[in-house]
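# Geometric and topological summary
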Amino acid sequence: MNERVRSAALEVKAQRWLPGGVDSPVRAFRAVGGHPPFVERGEGAYLVDADQNRYVDLFGSWGPMLFGHAWPPVVEAICDAAGRSPSFGASTAAEAELAELVNACYPSMESMRFVSSGTEACMSAIRVARGFTGRPFVIKFEGCYHGHADALLVKAGSGVATFGIPGSAGVPDETAMHTLALPYNDLAAVEAAFESHPSLIACVIVEPVVGNAGTILPAEGYLAGLREITRKHGALLIFDEVMTGFRLSSGGAQGRFGMDRGEAAPDLTTLGKIVGGGLPVGAFGGRLDVMNMLAPLGPVYQAGTLSGNPLAMAAGKAMLTEILAHRDTIYPQLEAATAKIADGVARLAAEQGIALTTNRIGSMFTWFFTPEKVTDFASASTSDTAAFGRFHRAMLDAGVWLPPSQYEAAFVSTAIGDAEIHAVLEAAKEALKAVTR
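Attention in this report is confined to the structure presented alongside it. (Residues numbered from 1 in each chain as written. Predicted model: local features only at pLDDT ≥ 70, side-chain atom pairs only at ≥ 80, totals over all residues. Heavy atoms only, no water.)

### Details of the environment of Gly-118
Where we set the bar: Helical segments are the DSSP runs of H or I of at least four residues, strand segments are the runs of E of at least two, and each set is numbered from the N terminus. Exposure is judged per residue with a 1.4 Å probe applied to protein chains only, and the accessible area is read against the type maximum: over 50% gives exposed, under 20% gives buried, and values in between give partly exposed. Between two residues, a contact is recorded if the distance between any of their heavy atoms is within 4.5 Å.
In this structure, Gly-118 sits in helix α4 (residues 118–133). Gly-118 sits in the buried class, given a relative accessible area of 15%. Taking the C-alpha atoms as reference, Gly-118 lies 9.0 Å from Glu-241; in sequence the two are 123 residues apart. Sequence-distant contacts of Gly-118, defined by excluding residues within four places in its chain, comprise Val-242, Leu-271 and Val-281.

In structure tokens:
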């Protein structure tokens, strides 16, 4: 592997103009140490940096690169749309066409709006829930990230009824005080919160599979329990599928867990960049009566000058058309490849006597450097983050790019085949030795 000389120079330049040299904090590699490569291009299963080093990509632009980088149908759709102008700020036919494809995958999304990010989707869904119910409080869960909107940057206090405490400077206490942060996978805590705040909780927002504390699966009956509790208390249930959308199945987590229609379905769903083929885009939608609260039909205001951007709509149509046509083969292929990688490295760790817990579902997974079973953020926090950092740096030097944090999920694309799987396992054999040094 070439020395990352050009990447180092580009990092210095970026630090002159961007806070920390990045436009999103995790890119700075502060959680794992070392210096980030600067990407020049993506090719299928690989990222290529400014020094022409090639890396097997196991974070996939944080999830949306289901078919790998520069997938021809998406590239062609974007180029074609760009030739007609990249932006109008006016309605186009593609918006309703993509919405129809989304509904074919997510029947619970009877009506929807496209926005420009997952953060915007979650923020808007909560506003609609508050407007529909006339209630102020929101329940979220420790370790679940729903974007950087003020009310959602909250860490849990002690006890299920504790008011939210801002988890970032710049967020006033008054903004966060209506957010209740509870332990994930704990239905009793949710029930207690509703009992402590009768008729005040507008909604529960949850990553049905946590991806922003590492991959954490819902306990059996947990999601159905949330559905039952929210319905009993007249609150809305929001599934944040920014990460899981179209990745765990064509209908995301709700499709995989049989909660995609009828009484079992969430009231609202949020989607992220995968709905636009990896471009900056998001969507929120759900029950028709709830979505009809939005202006111009109702009193809840939400707007976006460039929402429904024609490039993102075109890329999304290409992506979802492929998913709908070949979902019977896409997801088994992803499942098999991910199992070989995740379970293969777990076996190597066991052979070297390294404590490792592997959480996997579909094509997303996390290796936690802890012997503990990881079921919530507290148990995820037992991970040896220094060990993960050493592992990450060694894997990167061996040509495998993992998400640069113990608390982020890894993702596999259909572009990853036997050669890439072999490369990951060979790299891990040596990289795991770095963990114990």
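### Brief notes about helix α13 (residues 418–435)
Selection rule: How far a helix is expected to stretch is found by multiplying one less than its residue total by 1.5 Å.
The terminal C-alpha atoms of α13 lie 26 Å apart, and with 18 residues this matches the ideal 26 Å at 1.5 Å per residue to within 8%. Those residues of α13 lying buried are Glu-420, Ile-421, Val-424, Ala-427, Ala-428, Ala-431, Leu-432, Ala-434 and Val-435. Tucked into the core, α13 has its buried residues touching β2 (46–49), β3 (54–57), α10 (310–351), α12 (385–397) and β15 (400–401).

### With respect to the packing of α12 against α13
The line we're drawing: Simply put, an axis is a line fit to the C-alpha atoms, just over the touching stretch for a helix, and the angle between two N-to-C directions goes from 0 to 180 degrees. Here is the rule for angles: anything less than 35 degrees is roughly parallel, anything more than 145 is roughly antiparallel, 65 through 115 is roughly perpendicular, and the remaining ranges are oblique. In this scheme, a crossing is called left-handed if the near helix is turned counterclockwise away from the far one by less than a right angle; it is called right-handed if the turn is clockwise. Amino acids outside the nonpolar list (Ala, Val, Leu, Ile, Met, Phe, Trp, Tyr, Cys, Pro) and the charged list (Asp, Glu, Lys, Arg) are all regarded as polar, and Gly is one of them.
Contact geometry for α12 and α13: axes closest at 8 Å, N-to-C directions at 140°. Our classification of the angle between α12 and α13 gives oblique. Both α12 and α13 take part in a crossing whose hand is right-handed. On the side of α12, the interface is formed by Ala-387, Arg-390, Phe-391, Ala-394 and Met-395, while α13 contributes Val-424, Ala-427, Ala-428, Ala-431, Leu-432, Ala-434 and Val-435. Across the contact of α12 with α13, the residue classes break down as eleven nonpolar, no polar and one charged.

### Considering the sheet that holds strand β14 (residues 364–368)
As a reminder of what qualifies: In this analysis, strands are considered paired if DSSP registers two or more bridges between them.
Spatial strand order, β13-β14-β16: three strands in an open sheet with antiparallel pairing. Only two strands of the sheet have a single partner each, and these edge strands are β13 (357–361) and β16 (410–411). Where β14 lies against β16, two bridges are found, and the strand directions are antiparallel. Of the residues in β16, the one forming a bridge with Phe-365 is Ala-410.

### What to know about empty space enclosed by the protein
Inclusion rule: Whether a set of points on the 1 Å grid over the protein atoms alone is a cavity depends on a 1.4 Å probe fitting there but being unable to get out, while an open set qualifies as a pocket with protein on both sides within 12 Å along at least five of seven lines; lining residues are those with an atom within 4 Å of a point. Grid points are joined across faces, edges and corners, and a volume is the space filled by probe spheres set on the points.
Applying the stated rule across the entire model yields three cavities of 30 Å³ or more. Space inside the largest cavity adds up to approximately 70 Å³. Around the largest cavity, the lining residues are Phe-365, Thr-366, Trp-367, Phe-388, Leu-402, Pro-403, Ser-405, Gln-406, Glu-408, Ala-409 and Ala-410. Here the lining of the largest cavity takes three residues from β14, the largest share from any one element. In terms of residue class, the lining of the largest cavity is made up of seven nonpolar, three polar and one charged. The calculated volume of the second largest cavity comes to roughly 60 Å³. Gly-44, Ala-45, Asp-57, Gly-60, Met-65, Gly-68, His-69, Arg-247, Phe-411, Val-412 and Ser-413 together form the lining of the second largest cavity. Its residues placed into classes, the lining of the second largest cavity shows four nonpolar, five polar and two charged.

### Here we look at the layout of surface pockets
It is the rolling of a water-molecule-sized probe over the atoms that shows where space remains empty. Here the second largest pocket is characterised by a volume of approximately 380 Å³. Taken together, 20 residues line the second largest pocket, and the ones lying closest to its centre are Ser-91, Glu-95, Phe-114, Ser-307 and Gly-308. Elements with a contribution of two residues or more to the lining of the second largest pocket: α3 (93–105) and β4 (111–115). Among the elements that make up the lining of the second largest pocket, the one with the highest residue count is β4 (three residues). Considered class by class, the residues forming the lining of the second largest pocket number eight nonpolar, ten polar and two charged.

### As for the pattern of salt bridges
For clarity, the threshold we go by: Each salt bridge in this description consists of a side-chain nitrogen of Lys or Arg and a carboxyl oxygen of Asp or Glu lying within 4 Å of one another.
Per the stated rule, a full pass over the model turns up 18 salt bridges. Residues Glu-43 and Arg-41 are paired through a salt bridge, measuring 2.6 Å at the closest nitrogen-oxygen approach. For Glu-43, a relative accessible area of 32% translates into the label partly exposed. Look at Arg-41 and you get partly exposed, because its relative accessible area is 32%. The residue Arg-256 makes a salt bridge to Glu-335 at a minimum N-O spacing of 3.3 Å. Linking Arg-256 in helix α8 (residues 252–256) with Glu-335 in helix α10, this pair joins segments that are 79 residues apart in sequence. Accessibility expressed as a relative area gives 35% for Arg-256, which makes it partly exposed. Glu-335 gets classed as partly exposed once you look at its relative accessible area, which sits at 27%. Residues joined by salt bridges that share partners form a network here, namely Arg-6, Glu-40, Arg-41, Glu-43 and Arg-54.

Function-wise, these values are silent; they only describe arrangement.
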